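For reference, the chains in residue letters:
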Amino acid sequence: MPPEYLGAFHIVLDGMIKAGEIASMGHSVYAQVPWMPVTQPVRADAIQDIIFGALSHTIKMGATAMELADDLILPKDDVCRALEALELSGLIRETRQKHRYRLASPRMAQKIRQGASGRIFADVRHG
């Protein structure tokens with residue numbers, strides 16, 4: 001990149017992230033997000049990611065907000081908000097027991113448990 005463009009580089013990166021064109025993978029690595037006609041900007045939420053990962057291991061019984069808060073050492077209110085957001089997005093659902101949650105897709109849970117190495121996940125929900 002020519003030196004005269006370096007000052008605008010962070011502005012371009014920020015704009016591409018907000019537009020959902022690229023996603024930060026951490027450690028200054030960015031990945032292109034597959035383009036779809038109906039996409040939404042990529043939003044990261046560390047607490048949701050941690051809870052989503054934890055729920056991938058609670059296959060049969062599921063977990064309550066209090067159990068997750070205790071196991072992950074997170075505030076219960078934050079866990080409840082994250083569970084609500086994950087449920088609204090269709091990624092988790094209540095088990096037959098009220099207030100116990102597990103991943104909506106057993107196949108996705110298996111992929112998460114095995115690691116996401118070499119896979120690309122894209123949010124293609126209609127918003």
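All values reported here derive from a predicted model rather than from experimental measurement.

In total, this model carries four salt bridges according to the counting rule given. In this structure, the salt-bridge partner of Asp14 is Lys18, at a minimum N-O distance of 3.1 Å. Of this pair, Asp14 and Lys18 both sit in helix α1 (residues 6-18), four residues apart, which is roughly one turn of that helix. The class of Asp14 is partly exposed, set by a relative accessible area of 36%. As a salt-bridge pair, Lys98 and Glu94 come within 3.8 Å of each other at their nearest N and O atoms. The class for Lys98 is exposed, based on a relative accessible area of 60%. Look at Glu94 and you get partly exposed, because its relative accessible area is 22%.

Per-residue pLDDT for the protein has a mean of 78; in total, 76% of the residues score no lower than 70. By mean pLDDT, the top-scoring element of the protein is helix α4 (residues 76-88) (93), and the lowest-scoring one is helix α5 (residues 106-114) (68).

Definitions and limits used
Residues numbered from 1 in each chain as written. Predicted model: local features only at pLDDT ≥ 70, side-chain atom pairs only at ≥ 80, totals over all residues. Heavy atoms only, no water. Salt bridge = Lys/Arg side-chain N within 4 Å of Asp/Glu carboxyl O. Helix = DSSP H or I, 4+ residues; strand = E, 2+ residues; numbered from the N terminus. Buried < 20%, exposed > 50% of the residue type's maximum accessible area, 1.4 Å probe, protein only. pLDDT = per-residue confidence, 0-100.

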